[in-house]
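# Fold and geometry: a report
Okay, here's what each chain looks like letter by letter:
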Amino acid sequence: MTAPPPRKPAEHVERALCVLAHPDDVDFGSAGTVATWTAAGTEVTYCIVTDGDAGGFDDTPREQMAPLRRAEQEAAAKAVGVTDVRFLGHPDGRLELTLDLRRDISRVIRQVRPQRVLTSSPERFWERIGASHPDHMTVGESTLRAVYPDARNPFAFPELLADEGLEAWTVSEVWLGASPRADHVVDVTDVVELKFAALKSHVTQVSHMTDLEAFVTDWMRQTGRRMGLPDGRLGEAFHVVHTA
């Protein structure tokens, strides 16, 4: 008895939600993919769990960093066609897997009602340790727990329904970035300039990187080659999990 062929992600969805830990996370890993979605008519919402106030590379006063990074993320989002950006305000660098975080992500899922959620992989990537920031893994695991079972269960966090009128919602598929078991690639060659515009919006994070475009291009070219794209094409890779 042969195994059924692997399921592919939906060709198109009406709404997608990207849940990431820090401003700029979505842009380094997924901005090209998001640009292809918005170009196809998908309404995309960003949910950024922290304000990124522990980031930066210079002596910018700490009290200024969070407002700066919020503004940078909003500008980056516009570069790829996203206007709905939400911040949860949890502490940068100190995220833990808590019921409060699960509830906050579940709330946004019920508000947005996305068919697709993009988040970071909860698995540690031993060959590329930089992908495995503890905040990234915590947000990935929290988001998966919010997708299943919290957001779809009307009896989980009953206050979301009783006090806020947010009915249960089932997400059909989750795309995990920076995953050691990526099985799907998006060719972003034709929208790469939009990705670079998004990345360059994060002035407090990348303005000291003189080789940003070359570094990211080489990274995406290697991804495309590894995932089977034609030679020279640029890819962003994901592990797609079907959750309906």
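Use the structure listed above.
Reading the values: rules and limits
Residues numbered from 1 in each chain as written. Predicted model: local features only at pLDDT ≥ 70, side-chain atom pairs only at ≥ 80, totals over all residues. Heavy atoms only, no water. Helix = DSSP H or I, 4+ residues; strand = E, 2+ residues; numbered from the N terminus. Expected span 1.5 Å × (residues − 1). Buried < 20%, exposed > 50% of the residue type's maximum accessible area, 1.4 Å probe, protein only. Contact = heavy atoms within 4.5 Å. Axes fitted to C-alpha atoms, helices over the stretch in contact; angles between N-to-C directions. Parallel < 35°, antiparallel > 145°, perpendicular 65-115°, else oblique. Left-handed = near helix turned anticlockwise from the far one by under 90°. Nonpolar A, V, L, I, M, F, W, Y, C, P; charged D, E, K, R; others polar. Pairing = 2+ DSSP bridges. Phe/Tyr/Trp six-rings, centres within 6.5 Å; stacked < 30°, edge-to-face > 60°.

Helix length check: helix α3 (residues 99-112) (14 residues) gives 20 Å between terminal C-alpha atoms against 20 Å at 1.5 Å per residue, within 8%. Of all the 14 residues making up α3, 10 are buried; the element is thus mostly covered by neighbouring parts of the structure. The complete set of buried residues in α3 reads Leu101, Arg102, Asp104, Ile105, Ser106, Arg107, Val108, Ile109, Arg110 and Val112. Buried residues along α3 sit against β1 (15-20), β2 (43-50), β3 (84-90), α4 (134-150) and α5 (158-162). Looking one or two residues past α3, Arg113 carries a phi angle of roughly 55°, positive in sign.

Here the focus is the packing of helix α1 (residues 25-39) against helix α6 (residues 192-200). For the pair α1 and α6, interaxial distance at closest approach is 8 Å and the crossing angle is 135°. One element, α1, and the other, α6, form an angle in the oblique class. α6 is crossed by α1, and the crossing has right-handed handedness. Contact with α1, carried on its side by Asp27, Phe28, Gly29, Ser30, Ala31, Gly32 and Ala35, involves Leu194, Lys195, Ala198 and Leu199 of α6 and no other residues of that element. Classifying every residue of the contact of α1 with α6 gives six nonpolar, three polar and two charged.

Note the cis peptide between Tyr148 and Pro149, where omega equals 15°. Within the chain, Asp24 stands out as a residue other than glycine whose phi angle is a positive 95°. Mapped onto the fold, Asp24 is located in the loop between β1 and α1. Of note in the backbone geometry, Arg113 takes a positive phi value of approximately 55° without being a glycine. With respect to the helices and strands, Arg113 occurs in the loop between α3 and β4 (116-120).

This brings us to the sheet that holds β3. Within the open sheet, the seven strands sit side by side as β3-β2-β1-β4-β5-β7-β6. Their pairing is mixed. Two strands bound the open sheet, and with one partner strand each, they are β3 and β6 (184-187). Here the average twist between neighbouring strands, direction ignored, is 25°. Where strand β5 (residues 173-177) lies against strand β7 (residues 235-242), five bridges are found, and the strand directions are antiparallel. Residue Trp175 lies in a different strand from β7, and its bridge partner there is Val240. Docked against the sheet, α4 engages β1, β2, β4 and β5, running at close to 155° with respect to β4.

Among the secondary structure elements, Glu123 is positioned in the loop between β4 and α4. Glu123 sits 14 residues away from Met137 along the chain, and the two C-alpha atoms are 6.5 Å apart. Residues contacting Glu123, with those up to four places away along its chain left out, are Ser132, Met137, Ser179, Pro180 and Arg181.

In this description, a pair of aromatic rings is defined by centroid distance and the angle of the planes. For the structure shown, the criterion picks out three aromatic pairs. Between Trp37 and Trp175 the ring centres are 5.1 Å apart and the planes differ by 85°, which places this aromatic pair in the edge-to-face class. Of this pair, Trp37 sits in helix α1 while Trp175 sits in strand β5, and the two are 138 residues apart along the sequence. Accessibility assignment for this pair places Trp37 and Trp175 in one class, buried. Look at Phe215 and Trp219: their rings are 5.9 Å apart centre to centre, the planes differ by 45°, and that puts the pair in the tilted class. Linking Phe215 with Trp219, this pair stays in helix α8 (residues 212-226), spanning four residues, or about one helical turn. Since its relative accessible area comes to 44%, Phe215 is described here as partly exposed.

Any functional reading would require information that these geometric values do not contain.
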